[in-house]
Amino acid sequence: QVQLVESGGGLAQAGDSLGLSCAASGSIFSVNTMGWYRQAPGKQRELVATITSGLRRNYADSVKDRFTISRDNAKNTVYLQMKSLKPEDTAVYYCRGEVTTHRLAYVELWGQGTLVTVSS
């Protein structure tokens, strides 16, 4: 069984920094694109940032220049460093990973979600 486990998040004040991490575990052959998405109360889930196995990055316009996505391929882990946080960044943040298992099956995985709350 393969899974994504997130950590980090919590409470912050506007202007603060927070970090999230997400590790893939299980019978993994490779982890392809990984990313972070978020869902604010009453809103649809939206893309925050993605990073390919070749370290190509993509960001939502709302977080460019404030958030940084990175990954450690040896650890099958993706990180999201968030700075200059704003109240509108408040949301549940979900990690997503495209995993190829040892049986060469493609699996799309989602983490359990972690809440980030930014107060003004």
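Student: How should the side chain of Thr 90 be read in this particular structure?
Tutor: Structurally, Thr 90 can be placed in the loop between strand 8 (77-82) and strand 9 (91-101). Only 2.9 Å separates the side chain of Thr 90 from the backbone oxygen of Pro 87, close enough to count as a polar contact. Filtering out sequence-adjacent residues up to four positions away, Thr 90 remains in contact with Ala 40, Pro 41, Val 116, Thr 117 and Val 118.

Student: Even after reading the chapter, I still don't get the environment of Ser 7, so can you show me in this structure?
Tutor: For Ser 7, the location among the structural elements is in strand 1 (residues 3-8). Along the backbone, Ser 7 and Gly 113 are 106 residues apart, and their C-alpha atoms lie at a distance of 8.8 Å. Engagement of the side chain of Ser 7 in a polar contact is seen with the side chain of Ser 21, the distance being 2.6 Å.

Student: Sorry if this is basic, but what is going on with the sheet that holds strand 3 (residues 18-25) here?
Tutor: Two orientations exist for strands paired in a sheet by backbone hydrogen bonds: parallel and antiparallel. Taken together, the four strands give an open sheet; going across it, the order is 1-3-8-7, and neighbouring strands pair in antiparallel fashion. Whereas interior strands pair on both sides, the edge strands pair on one side only; in this sheet they are strand 1 and strand 7 (67-72). This sheet shows a mean twist of 15° between the axes of neighbouring strands, independent of strand direction. With six bridges joining them, strand 7 and strand 8 adopt antiparallel strand pairing. Pairing of Ser 70 across the sheet is with Tyr 79, part of strand 8.

Student: How should the state of the cysteines be read in this particular structure?
Tutor: Throughout this description, disulfide means a covalent bond between two cysteine sulfur atoms. Counted by the stated rule, this structure contains one disulfide. Here Cys 22 is linked by a disulfide to Cys 95, with a sulfur-sulfur distance of 2.1 Å. Here the disulfide of Cys 22 and Cys 95 is left-handed, its torsion about the S-S bond being about -80°. Residue Cys 22 is found in strand 3, and its partner Cys 95 is found in strand 9; the two are separated by 73 residues along the sequence. With relative accessibility at 1%, the residue Cys 22 sits in the buried group.

Student: Is there a simple way to explain the environment of Gln 13 in this structure?
Tutor: With respect to the helices and strands, the residue Gln 13 is situated in strand 2 (residues 10-13). Taking the C-alpha atoms as reference points, Gln 13 and Val 107, 94 residues apart in sequence, are found 36 Å from one another. The residues touching Gln 13, leaving out its near neighbours within four places in the chain, are Leu 85, Val 118 and Ser 119.

Student: How should the pattern of salt bridges be read in this particular structure?
Tutor: Pairing between side chains of opposite charge can happen when their charged atoms approach one another. For the coordinates displayed, the defined rule picks out six salt bridges. Across the salt bridge formed by Lys 64 and Asp 61, the nearest N and O atoms sit 3.3 Å from each other. Its relative accessible area of 43% is what places Lys 64 among the partly exposed residues. Judged by its relative accessible area of 64%, Asp 61 falls in the exposed class. One network of salt bridges, with partners in common, ties together Arg 38, Glu 46, Arg 66 and Asp 89.

What counts as what
- Residues numbered from 1 in each chain as written.
- Predicted model: local features only at pLDDT ≥ 70, side-chain atom pairs only at ≥ 80, totals over all residues.
- Heavy atoms only, no water.
- Helix = DSSP H or I, 4+ residues; strand = E, 2+ residues; numbered from the N terminus.
- Polar contact = N/O pair within 3.5 Å; in protein donor to acceptor, adjacent residues only side chain to side chain.
- Contact = heavy atoms within 4.5 Å.
- Pairing = 2+ DSSP bridges.
- Axes fitted to C-alpha atoms, helices over the stretch in contact; angles between N-to-C directions.
- Disulfide = S-S within 2.5 Å.
- Buried < 20%, exposed > 50% of the residue type's maximum accessible area, 1.4 Å probe, protein only.
- Salt bridge = Lys/Arg side-chain N within 4 Å of Asp/Glu carboxyl O.

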